[in-house]
Amino acid sequence: MMGAEKAELGLEELDLEGEAAGSPLPATKMQPLDFEHIGSLAAVAESLSGRSKWRRALTSVRVVIFKAKINVLLPFGPLAVMLHYLTGKHQGWVFLFSLIGITPLAERLGYATEQLACYTGPTIGGLLNATFGNATEMIISLYALKNGMIRVVQQSLLGSILSNMLLVLGCAFFAGGLAHPNRDQVFNKASAVVNSGLLLMAVLGLMFPAVLHFTHSEAQYGKSEVSLSRFSSCIMLVAYASYLFFQLKSQRSLYSPIGEQEEETSEATENEEDEKEITQGEAICWLFVLTIWISVLSGYLVDAIQGASESLNMPIAFISVILLPIVGNAAEHASAIMFAMKDKLDITLGVAIGSSTQISMFVIPFCVVVGWMMGQQMDLNFQLFETATLFITVLVVAFMLQEGTSNYFKGLMLILCYLIVAASFFVHVDPNSSDNK
């Protein structure tokens, strides 16, 4: 028996040696390849990859559209559009439905920006959020500017700055303080100081045209004010471009988040917290889609302002400065609160203060330059009441940020300050409301 087993093993070894020695034989068998069969396999693989792409797209739609419960308010947007065309008399309902319809879109815009920030980092993530959050205000402003509604442009942009600096930042500090009640949250003080300086520069640019107008000290009445505004706008645009270069290229270390070394040691924990539910390309696509739809609804919102003012018995100044910016800043509001509750105050400041800086140093001067091209007398004279409100707001926020820490009490103070500002505009009568300028 042992001899037979050895003989069988010997035969198997000979077979293996023969296969090893005859290695060219399999190659000779594979020479007559069936290229048509290979082509069919490639087509099947391509179809499978196409199916996977469709499956990925459906998953992205499910995560962004159907996951959040607040998206039950999405039908109010199309209802507002239908009411606008079917019934031209119910402008109050169009205004209300547009407000409600924009709310879930703005929340999803904040979610998409948060997903994109997982890939880009806090500095660029905050800048992107401020940019996409302000796209609505810019489109509304250009739409109103084209129709000669200069006061609506000025008041809505001013209201966006006030809302971001007081309401959005206050709610973020308040929610972050409640989420972390046993300690003060820390953020990059150097970045906050730079933004505060830019905001004070914006106040400087807005103050001198107003002072020049109300002291009747113009060299040429009605012309010097506009000329000064256009010159100052060009200077402010140059300053904002320099700020972007300084922030993103020259002094990137200045804007690095607090505790960066601790973040590197706990990178695994952060990766678990920052769940990337959609890809970077999908986040960018959703940002553009949501921004376009928000801008469409914002157009109907602006058209219904006059009718809403009459039906709701509210001043147009209150609607322009308080109600419109609350909706327009809903994206910043939602994302700033989410980042603050996750103890990422550097992104929160990039969203709230960065958005105010972008509006004051870019959007407002840009509207002045575009109005110059359109032949509209858009200037930086926001009237004394509005300019004084902005100046005091910038001072209050600058004092709140100078320590580099935040808690729920600071957030509460900012929210209460915004309530005072809102009450002031509710009883304020715009002297130029009759002719928009």
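This structure is a prediction, so every number in the text was calculated from the model and none was measured. (Residues numbered from 1 in each chain as written. Predicted model: local features only at pLDDT ≥ 70, side-chain atom pairs only at ≥ 80, totals over all residues. Heavy atoms only, no water.)

A.B. asks: Report on the packing of helix H7 (residues 150–179) against helix H17 (residues 384–401), specifying residues and quantitative values.
C.D. replies: Where H7 meets H17, the closest approach of the two axes is 11 Å, and the angle between their N-to-C directions is 20°. When the interaxial angle is binned, H7 and H17 end up roughly parallel. Crossing of H7 over H17 shows left-handed handedness. Of the residues in H17, those touching H7 at Arg 151, Gln 155, Leu 158, Ile 161, Leu 162, Met 165, Leu 166, Leu 169 and Phe 173 are Glu 386, Thr 389, Leu 390, Thr 393, Val 394, Val 397 and Leu 401. Tallied by class, the residues present in the contact of H7 with H17 amount to eleven nonpolar, three polar and two charged. (Axes fitted to C-alpha atoms, helices over the stretch in contact; angles between N-to-C directions. Helix = DSSP H or I, 4+ residues; strand = E, 2+ residues; numbered from the N terminus. Parallel < 35°, antiparallel > 145°, perpendicular 65-115°, else oblique. Left-handed = near helix turned anticlockwise from the far one by under 90°. Contact = heavy atoms within 4.5 Å. Nonpolar A, V, L, I, M, F, W, Y, C, P; charged D, E, K, R; others polar.)

A.B. asks: I'd like to hear about the pattern of salt bridges, residue by residue, with values.
C.D. replies: Scanning the model with the defined rule gives three salt bridges in all. A salt bridge links Arg 151 to Glu 386, with the nearest nitrogen and oxygen atoms 2.9 Å apart. Separated by 235 residues along the polypeptide, Arg 151 in helix H7 and Glu 386 in helix H17 bring together distant segments of the chain. Here Arg 151 and Glu 386 have matching classes, each one buried. The shortest N-O distance in the salt bridge between Glu 403 and Lys 410 comes to 3.4 Å. Lys 410 gets classed as buried once you look at its relative accessible area, which sits at 11%. (Salt bridge = Lys/Arg side-chain N within 4 Å of Asp/Glu carboxyl O. Buried < 20%, exposed > 50% of the residue type's maximum accessible area, 1.4 Å probe, protein only.)

A.B. asks: Describe the packing of H17 against helix H18 (residues 408–426), and please don't skip the residues or the numbers.
C.D. replies: Running from amino to carboxyl end, H17 crosses H18 at an angle of 175°, the nearest separation of the two axes being 11 Å. In terms of orientation, H17 lies roughly antiparallel with respect to H18. Residues Phe 385, Glu 386, Thr 389, Val 396, Val 397 and Met 400 of H17 pack against Lys 410, Met 413, Leu 414, Cys 417, Val 421, Ser 424 and Phe 425 of H18. For the contact of H17 with H18, the per-class residue count stands at nine nonpolar, two polar and two charged.

A.B. asks: Summarise the side chain of Arg 230; cite the residues concerned and give the values.
C.D. replies: Along the chain, Arg 230 falls in helix H9 (residues 224–250). Here Arg 230 occupies a buried position and makes no salt bridge, while the nearest side chain of opposite charge, Asp 379, is found at 8.4 Å. Those residues in contact with Arg 230 that sit more than four places away from it in its chain are Val 368, Trp 372, Gln 376 and Gln 377. (Lys, Arg positive; Asp, Glu negative; His and termini not counted.)

A.B. asks: Which residues make up the packing of aromatic side chains, and what values go with them?
C.D. replies: Counting across every chain of the model gives nine aromatic pairs. Seen in terms of ring centroids, Phe 318 and Phe 426 are 5.1 Å apart; in terms of plane orientation they differ by 85°. Their pairing is edge-to-face. Within this pair, whereas Phe 318 is found in helix H14 (residues 316–328), its partner Phe 426 is found in helix H18, the two being separated by 108 residues in sequence. Classification of Phe 318 by relative accessible area gives buried; the value is 11%. Exposure remark for Phe 426: the relative accessible area of 42% places this residue in the partly exposed category. By way of ring pairs, the aromatic residues Tyr 240, Tyr 243, Phe 362 and Phe 366 are connected into one cluster. (Phe/Tyr/Trp six-rings, centres within 6.5 Å; stacked < 30°, edge-to-face > 60°.)

A.B. asks: Describe the side chain of Thr 357, listing the residues and the values that go with them.
C.D. replies: Mapping Thr 357 onto the fold places it in helix H16 (residues 345–374). A polar side-chain atom of Thr 357 sits 3.1 Å from a polar atom in the side chain of Asn 195. Apart from the residues lying within four places of it in its own chain, the contact partners of Thr 357 are Asn 195, Leu 198, Leu 199, Tyr 240 and Phe 362. (Polar contact = N/O pair within 3.5 Å; in protein donor to acceptor, adjacent residues only side chain to side chain.)

A.B. asks: Quick rundown of unusual backbone geometry? Include the residues and the values.
C.D. replies: One non-glycine residue, Asp 343, lies in the positive phi region at around 65°. In this fold, Asp 343 is placed in the loop between helix H15 (330–341) and H16. Unlike most non-glycine residues, Gln 383 shows phi in positive territory, near 75°. Along the chain, the position of Gln 383 falls in the loop between H16 and H17.

A.B. asks: I'd like a rundown of the nonpolar core, residues and numbers included.
C.D. replies: Among the nonpolar cores identified, the biggest contains 93 residues, and Phe 95, Leu 169 and Leu 401 are the most heavily contacted of them. For this core, the element with the most residues is H7, which contributes 15 residues. The residues touching Leu 401, leaving out its near neighbours within four places in the chain, are Leu 169, Phe 173, Phe 187, Lys 189, Ala 192, Ser 196, Leu 349 and Ile 353. (Core = buried A, V, L, I, M, F, W, Y, C linked by side-chain atoms within 4.5 Å.)

A.B. asks: Go over the environment of Ser 196, please, and point to the residues and values.
C.D. replies: Within the secondary structure, Ser 196 sits in helix H8 (residues 189–214). Judged by relative accessible area, Ser 196 falls into the buried class, the value being 12%. When the C-alpha positions of Ser 196 and Gly 354 are compared, they lie 9.7 Å apart, and in sequence the two are 158 residues distant. Once you skip the residues sitting within four places of it in the chain, Ser 196 turns out to touch Ala 398 and Leu 401.

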